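Residue-level structure breakdown
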Amino acid sequence: MNERTEAAHVALLDAIMDALNLPLPSIAETDERLYYRLLERRALTVRITLRANLTVSRDPQLAADAIRIRTAEEPVTYTPFKPGKNGEER
């Protein structure tokens, strides 16, 4: 594996981590629902992108770029959890 290919694979792994690493939601039921919906949509995006990439181009940089574009299109819209002194939400 050459340096360019290795860098492209690292970029793909970073894109996957960024897409799936969401902040925890507040304890409000609405925020929890929004969190799980967003996580589910982003996981679906990652799966579809990886499957298409394996089938069509096999270029990890293209897959990384596609995942980043789709992730940016679906930002966090819920209130993240903010722990207080005792681990409780503030």
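Let me begin by describing the structure that accompanies this report. Not measured: the values here are computed from a predicted model.

Attention now goes to the side chain of Asn 53. Structurally, Asn 53 is set in helix H2 (residues 29-55). Among the residues examined, Asn 53 registers a relative accessible area of 11% and is labelled buried. In this structure Asn 53 touches Arg 58, Asp 59, Pro 60, Leu 62 and Ala 63, once residues within four positions along its chain are discounted.

Within soluble globular proteins, side chains that are nonpolar tend to cluster in buried spots. Of all hydrophobic cores here, the largest spans nine residues; its members are Ala 11, Leu 12, Ala 15, Ile 16, Ala 19, Val 46, Ala 63, Ala 64 and Ile 67. When residues of this core are assigned to their parent elements, the largest contribution, five residues, is made by helix H1 (residues 3-20).

One way to put it is that H1 packs onto H2 with a least axis distance of 9 Å and a crossing angle of 160 degrees. As the angle between them shows, H1 and H2 are arranged roughly antiparallel. Contacts between H1 and H2 involve Leu 12, Ile 16, Asp 18, Ala 19 and Leu 20 from the first element and Leu 39, Arg 42, Ala 43, Val 46 and Leu 50 from the second. Of the residues belonging to the contact of H1 with H2, the class tally is eight nonpolar, no polar and two charged.

Rules of the game
- Residues numbered from 1 in each chain as written.
- Predicted model: local features only at pLDDT ≥ 70, side-chain atom pairs only at ≥ 80, totals over all residues.
- Heavy atoms only, no water.
- Helix = DSSP H or I, 4+ residues; strand = E, 2+ residues; numbered from the N terminus.
- Buried < 20%, exposed > 50% of the residue type's maximum accessible area, 1.4 Å probe, protein only.
- Contact = heavy atoms within 4.5 Å.
- Core = buried A, V, L, I, M, F, W, Y, C linked by side-chain atoms within 4.5 Å.
- Axes fitted to C-alpha atoms, helices over the stretch in contact; angles between N-to-C directions.
- Parallel < 35°, antiparallel > 145°, perpendicular 65-115°, else oblique.
- Nonpolar A, V, L, I, M, F, W, Y, C, P; charged D, E, K, R; others polar.

Any link to function would need more than the numbers given here.
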